[in-house]
Amino acid sequence: MPQRLLKFAAWAGLSFIAYSTLSPLRDRPILLTSSALEHLAAFAILGTLFCLAYPRRTPAVLLIVLGSAALLELLQLLTPDRHARTLDAVQKIAGGTAGVFVGRAVLHFDRARSWLLHAKWHVEG
């Protein structure tokens, strides 16, 4: 996937999560699953997208993904019909961490695959 598309998807995903987290409860998109799974999955996908979009910026990716998980949960204190919970923040942070780990693994295996293909080409060529 081209870098520009990955970057767009990562920032669009963060925008959607921010909207879902801070919008009035009646406007919030609801999946047919537990909220814990929603938190984990949303931030796992977000962490993976950011990691793939910014492969050489892992510390910044961690700051954005994990920081947004904590900040968005705290910002719910400012909304009239939402509430911040420590457990929700922990679930989001765990999902984000897992997503960054998956993204790093994908990058590692992709580099190894391209290195092997390059080495094979030189041996056969």
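Structure report, in brief. Being a predicted model, the structure only gives us computed values, none of them experimental.

A count of helices and strands for the protein gives 4 helices and 0 strands. In the protein, the succession of α and β elements from N to C terminus is α-α-α-α. Within the span of the protein, comprising 125 residues, buried residues form 31% of the whole. Relative to all contacts within the protein whose residues are 6 or more apart in sequence, the contacts with residues 24 or more apart total 74%. Here the protein displays about 8300 Å² of accessible surface, and carbon together with sulfur accounts for 72% of that area.

Okay, the nonpolar core next. If you look at the biggest cluster of nonpolar residues, it comprises 17 residues, and the most contacted ones within it are Phe 43, Leu 46, Phe 50 and Val 61. Of all the secondary-structure elements, those providing two or more residues to this core are α1 (3-22), α2 (35-53), α3 (58-75) and α4 (86-124). By residue number, the principal contributor to this core is α2, which donates 7 residues. Contact partners of Phe 43, with chain neighbours within four places excluded, come to Ile 17, Val 65, Ser 68, Ala 69, Leu 72, Lys 92, Gly 95 and Gly 96.

About the criteria used
- Residues numbered from 1 in each chain as written.
- Predicted model: local features only at pLDDT ≥ 70, side-chain atom pairs only at ≥ 80, totals over all residues.
- Heavy atoms only, no water.
- Helix = DSSP H or I, 4+ residues; strand = E, 2+ residues; numbered from the N terminus.
- Buried < 20%, exposed > 50% of the residue type's maximum accessible area, 1.4 Å probe, protein only.
- Contact = heavy atoms within 4.5 Å.
- Areas by Shrake-Rupley, 256 points an atom, 1.4 Å probe, with all protein chains shown as cover.
- Core = buried A, V, L, I, M, F, W, Y, C linked by side-chain atoms within 4.5 Å.

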